[in-house]
Structures are given as C-alpha cells and as structure tokens.
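# Notes for the structure review
What follows is each chain in one-letter form.
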Amino acid sequence: LDARDDTPAILEGHVVERVGKDKYVFQDATGKITVEIDHKVFGARIVTPQTRVRLSGEVDSEFFRRNEVDVDHAPFLSPQAYFSR
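Described in the following lines is the structure provided in the data block.

Criteria and cut-off values
- Residues numbered from 1 in each chain as written.
- Predicted model: local features only at pLDDT ≥ 70, side-chain atom pairs only at ≥ 80, totals over all residues.
- Heavy atoms only, no water.
- Helix = DSSP H or I, 4+ residues; strand = E, 2+ residues; numbered from the N terminus.
- Contact = heavy atoms within 4.5 Å.
- Buried < 20%, exposed > 50% of the residue type's maximum accessible area, 1.4 Å probe, protein only.
- Core = buried A, V, L, I, M, F, W, Y, C linked by side-chain atoms within 4.5 Å.
- Polar contact = N/O pair within 3.5 Å; in protein donor to acceptor, adjacent residues only side chain to side chain.

Time to look at the side chain of Ser56. For Ser56, the position within the fold is in strand β5 (residues 52-62). Residues contacting Ser56, with those up to four places away along its chain left out, are Ala9, Ile10, Val71, Asp72, His73 and Pro75.

Given below as structure tokens:
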C-alpha cells in the first residue's frame, strides 16, 4: 500500500467485489487494495470471489487517494475459472 508510483506489483488472492466500471477490490492474507482491471485482461474468463488469481501490473499512486494497482496481465487463474460462451 505504501509503494511508489509505477512500482511493479504481483498480487495473488481473490477479486472479491466490483466497485466501479473497471475497479475491483482485491483481497489476500495481508488485506485489501483497489485494482483497476480492463475487461480485456480477463477476456472471456469468468472470475468469481472464489477464483484464486495472480494479477500483475503497476502501482498507481495519487496524492489525494490510497494507492491502487493498474493490472496489465492475469497470467494464472485457478481451475475454477472458465470460459463463457
């Protein structure tokens, strides 16, 4: 949460809640952070709060709000993830 802007980040845990168009709450054993995930990152894969994900991206730091992570890739999804038709 205290990393500088543009610091590379890899998160492993669960996307537990949608809080905006492309904004979500990510949670792991250390806590929660807001992540920005463009719809293209997951593609046709369905991700639920039970799906364990690995997200990679960069810290987005702004003076007036808490740090977020701008997600570029989701290279790994648990077996619960599946493709929609």
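So, next bit.
This part covers the environment of Gln50. As for its position among the elements, Gln50 is in the loop between β4 (45-46) and β5. The class of Gln50 is exposed, set by a relative accessible area of 54%. Once the C-alpha coordinates of Gln50 and Val15 are considered, the two residues, 35 residues apart in sequence, prove to be 8.2 Å apart.

Here we take up the nonpolar core. Ranked by size, the top nonpolar core spans 16 residues in total, and within it Phe26, Val35, Ile37 and Leu55 carry the most contacts. Contributing elements (two or more residues each) for this core: β1 (8-18), β2 (23-28), β3 (31-37), α1 (39-42), β5 and β6 (65-77). Those residues in contact with Phe26 that lie beyond four places of it in its chain are Leu11, Glu12, Gly13, His14, Val15, Gly31, Lys32, Ile33, Val35, Val53 and Leu55.

Let us now look at the environment of Arg18. Looking at the element boundaries, Arg18 is found in strand β1. The exposed category is assigned to Arg18, whose relative accessible area is 53%. Each C-alpha atom, one on Arg18 and one on Glu36, is 9.9 Å from the other, the two residues being 18 residues apart in sequence. Setting aside residues no more than four positions away along its own chain, Arg18 makes contact with Lys23 and Tyr24. A polar contact is formed between the side chain of Arg18 and the backbone oxygen of Gly20, at a distance of 3.0 Å. Engagement of the side chain of Arg18 in a polar contact is seen with the backbone oxygen of Lys21, the distance being 2.5 Å.

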